[in-house]
Amino acid sequence: MSLHHEVEQCLFREARLLDGFQFEGWRALLDPDIHYSVPARRTHYLRAANAARDIDTDHYDDDYESLTLRLARMSRPGPSSMDPRPREVRTVSNIEIEHGDVDDELKVYSVIILMRNRLLDQEEHVAARREDVWRRASDGRLLLYRRRALITHNTILMANMNSLL
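Residues numbered from 1 in each chain as written. Predicted model: local features only at pLDDT ≥ 70, side-chain atom pairs only at ≥ 80, totals over all residues. Heavy atoms only, no water.

Participant: How should the pattern of salt bridges be read in this particular structure?
Facilitator: Opposite charge on two side chains makes pairing possible when the charged atoms of those side chains draw close. Taken as a whole, this structure holds 15 salt bridges when the rule is applied. Among the ionic pairs, R135 bridges to D33, the shortest N-O distance being 4.0 Å. Of this pair, R135 sits in strand β5 (residues 122-136) while D33 is found in strand β1 (residues 30-41), placing the two residues 102 residues apart along the sequence. Here E131 ties to R148 by a salt bridge, and the two come within 3.5 Å at their closest N and O atoms. Taken as a pair, E131 in strand β5 and R148 in strand β6 (residues 142-151) lie far apart in primary sequence, 17 residues in all. Given a relative accessible area of 31%, E131 falls into the partly exposed group. Classification of R148 by relative accessible area gives partly exposed; the value is 31%. (Salt bridge = Lys/Arg side-chain N within 4 Å of Asp/Glu carboxyl O. Helix = DSSP H or I, 4+ residues; strand = E, 2+ residues; numbered from the N terminus. Buried < 20%, exposed > 50% of the residue type's maximum accessible area, 1.4 Å probe, protein only.)

Participant: What exactly am I supposed to notice about a nonpolar patch on the surface here?
Facilitator: Where nonpolar side chains cluster on the molecular surface, the patch consists of V89, I113 and M115 and spans about 220 Å² of accessible area. Residue position: V89 is located in strand β3 (residues 87-99). On the basis of relative accessibility, which here comes to 43%, the residue V89 falls in the partly exposed class. (Patch = residues over 30% accessible without salt bridge, like charges linked within 9 Å, V, L, I, M, F, W, Y side chains within 5 Å. Areas by Shrake-Rupley, 256 points an atom, 1.4 Å probe, with all protein chains shown as cover.)

Participant: Sorry, what's going on with helix α3 (residues 64-75) here?
Facilitator: For an α-helix the count is 3.6 residues per turn, leaving residues at separations of three or four pointing the same way. Counted at 1.5 Å a residue, the expected span for α3 with its 12 residues is 16 Å, and the 16 Å between its end C-alpha atoms agrees. Within the sequence span of α3, burial applies to L67, R70, L71 and M74. Buried residues of α3 fall within an arc of 100° about the axis and therefore sit on the same side. In α3, the exposed positions angled more than 90 degrees off the buried face are occupied by E65 and L69. N-cap assignment for α3: the residue whose side-chain oxygen lies 3.2 Å from the backbone N of E65 is D63. (Expected span 1.5 Å × (residues − 1). Arc of directions from axis to C-beta. Polar contact = N/O pair within 3.5 Å; in protein donor to acceptor, adjacent residues only side chain to side chain.)

This is the structure we're talking about:
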């Protein structure tokens with residue numbers, strides 16, 4: 001299997017696990033040293049003095065422990081935005097792969113579109129460019145080590161951002 005095909009299949013499997021709310025399966029794809037961030041971005045005119053600084057804070061800025069807590073909260077039944085479960089589908093495309101800074105790492109760039117429907121007519125979507133680093137584990141599996149998802153929206157147009165990109 002070619003490296004590109006292997007990475008592509010890994011990204012598709014990740015999307016399928018998240019679409020199916022199989023959070024333990026998704027967590028098994030995470031490196032214990034993961035850093036997962038979704039920065040909040042601002043729009044600037046090019047002529048503005050601070051145009052280069054477009055990130056103020058993060059929607060998500062998680063490590064393995066905080067992701068584990070987030071997944072536990074998303075798994076709990078009860079009165080929340082996850083009950084009834086929304087129907088989600090992720091499309092991953094524009095996959096590019098480069099060798100990382102060290103031998104066992106790959107830089108993976110992709111685009112993701114998340115479509116979500118909940119209740120009768122609550123339809124939402126978000127698109128993002130992802131910048132990942134995947135590490136090869138000692139058993140040969142690829143594990144997500146770093147993810148930075150740059151959402152195209154200035155404001156997330158969802159009732160809540162209770163989904164992972």
